[in-house]
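Survey of secondary and tertiary structure
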Amino acid sequence: MFSIFCNAQNGKIVGKIIVNDSENIKHLPKNIYAFLKSKTINDSILLNENLEFKFENLKADTLKLSFSVRNYPTNMYYIIQLNENEIYTADISICPVCPYKNSEEKPKCIKCGKKDKVIPIVYGFISKVYFVNKKGKKVDKNGNEITTKEKKYHAGGCLVSECQPNWYCERDDTEF
Ligand SMILES: [Zn+2]
């Protein structure tokens with residue numbers, strides 16, 4: 001006779017992300033996913049607005065719990081030893097300080113310590129389009145003459161998050 005408990009999958013992991021410093025909550029991305037992995041499970045779930053999550057119908061297992069917080073070490077995970085029918089509470093406190101300073105002035109490169117090869121990173125599409133007016137002068141789409149020479153940018157791509165590097169050193173290929 002089989003015991004019903006052999007196939008019991010009533011374990012749960014319920015938890016939430018607790019931000020230690022409420023000032024830092026703005027550095028958290030809007031959509032955070034919790035990932036749950038084991039030899040038999042590969043699951044992910046979007047945290048709700050209260051940063052809560054719940055995994056249900058789990059059997060006794062050793063599980064890895066991790067989160068998709070971009071500026072949080074991605075190799076960071078929590079090992080959970082879940083027992084049969086256990087409801088495991090995982091309250092994870094994090095302190096998501098953004099490592100990138102949002103400086104207006106050109107900073108020194110964090111690698112070579114020099115400013116000469118540091119250029120700003122621009123996110124989104126960079127328009128290279130200009131027009132030529134009747135006088136043969138370069139103008140923008142509104143007809144205003146373009147007097148400044150074209151600035152040099154490092155294209156950061158189209159992904160814009162709350163926390164991203166603002167400067168790029170051409171010498172070291174470093175974003176900071
Ligand atoms: Zn450098």
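The shown structure was predicted, so the numbers you read here are calculated from the model rather than taken from an experiment.

Helix and strand content of the protein chain: zero helices and 13 strands. Each helix (α) and strand (β) of the protein chain, taken in turn from the N terminus, gives the series β-β-β-β-β-β-β-β-β-β-β-β-β. Here the protein chain holds 176 residues, and the buried ones make up 28% of them. For the protein chain, the accessible surface area stands at approximately 12700 Å², while carbon and sulfur atoms represent 50% of it.

Time to look at the sheet that holds strand E3 (residues 42-46). Spatially, the four strands line up as an open sheet ordered E3-E2-E5-E6, and their pairing is antiparallel. Of all strands in the sheet, those bounded by a partner on one side alone are E3 and strand E6 (78-82). This sheet shows a mean twist of 25° between the axes of neighbouring strands, independent of strand direction.

A full pass over the atoms with the stated rule returns two aromatic pairs. Centroid distance Phe-53 to Phe-67: 5.4 Å. Interplanar angle 65°. Geometry classified as edge-to-face. With Phe-53 in strand E4 (residues 52-58) and Phe-67 in strand E5 (residues 61-67), the pair connects residues that are 14 residues apart, well separated along the chain. Here Phe-53 matches Phe-67 in class, with each residue buried. Ring-pair connections join several aromatic residues into one group, and the members of that group are Phe-53, Phe-55 and Phe-67.

In this section: the environment of Asn-133. One can find Asn-133 in the loop between strand E9 (131-132) and strand E10 (138-139). When the C-alpha atoms of Asn-133 and Asn-144 are compared, they prove to be 9.4 Å apart, with 11 residues separating the residues in sequence.

Here the focus is the coordination of the zinc ion. Six octahedral donors at a metal ideally form angles of 90 or 180 degrees, and four tetrahedral donors ideally form angles of 109.5 degrees. The zinc ion binds to the protein through Cys-109 (SG), Cys-112 (SG), Cys-169 (SG) and Asp-172 (OD); the donor distances cover 1.8 to 2.4 Å. What the four donor atoms of the zinc ion show is an angle range of 95 to 124° at the metal, which sorts the shape as tetrahedral. In terms of primary sequence, the donors binding the zinc ion are separated according to C-x2-C-x56-C-x2-D. Residue Cys-112 is found in the loop between strand E7 (87-94) and strand E8 (118-122), and its partner Cys-169 is found in strand E12 (residues 167-169); the two are separated by 57 residues along the sequence. Owing to a relative accessible area of 25%, Cys-112 belongs among the partly exposed residues under this scheme. Judged by relative accessible area, which is 0%, Cys-169 ranks as buried.

Moving on, we come to the pattern of salt bridges. Following the criterion strictly, the structure yields two salt bridges and no others. Salt-bridge contacts for Glu-56 lead to Lys-12; the nearest nitrogen and oxygen are separated by 3.9 Å. Highlighted residues: Glu-56 in strand E4 and Lys-12 in strand E1 (residues 11-19), separated in sequence by 44 residues. Residue class for Glu-56 comes out partly exposed when judged on its relative accessible area of 41%. Given a relative accessible area of 27%, Lys-12 falls into the partly exposed group. Between Arg-171 and Asp-116 there is a salt bridge, and its shortest N-O distance comes to 2.8 Å. Remark: Asp-116 occurs in the loop between E7 and E8 and Arg-171 occurs in the loop between E12 and strand E13 (174-175); sequence separation between them is 55 residues. We classify Arg-171 as partly exposed; its relative accessible area is 37%.

As a further point, take the environment of Val-118. When you line up the elements, Val-118 lands in strand E8. For Val-118, a relative accessible area of 0% translates into the label buried. The sequence separation of Val-118 and Asp-172 amounts to 54 residues, and the corresponding C-alpha distance is 9.6 Å. Contact partners of Val-118, with chain neighbours within four places excluded, come to Lys-106, Pro-107, Cys-109, Trp-167, Tyr-168, Cys-169 and Phe-176.

Basis of the calculations
- Residues numbered from 1 in each chain as written.
- Predicted model: local features only at pLDDT ≥ 70, side-chain atom pairs only at ≥ 80, totals over all residues.
- Heavy atoms only, no water.
- Helix = DSSP H or I, 4+ residues; strand = E, 2+ residues; numbered from the N terminus.
- Buried < 20%, exposed > 50% of the residue type's maximum accessible area, 1.4 Å probe, protein only.
- Areas by Shrake-Rupley, 256 points an atom, 1.4 Å probe, with all protein chains shown as cover.
- Pairing = 2+ DSSP bridges.
- Axes fitted to C-alpha atoms, helices over the stretch in contact; angles between N-to-C directions.
- Phe/Tyr/Trp six-rings, centres within 6.5 Å; stacked < 30°, edge-to-face > 60°.
- Donors = N, O, S within 2.8 Å, 3.2 Å for Na, K, Ca; no water.
- Tetrahedral: all angles 85-135°; square planar, octahedral: opposite > 155°, others 65-115°.
- Salt bridge = Lys/Arg side-chain N within 4 Å of Asp/Glu carboxyl O.
- Contact = heavy atoms within 4.5 Å.

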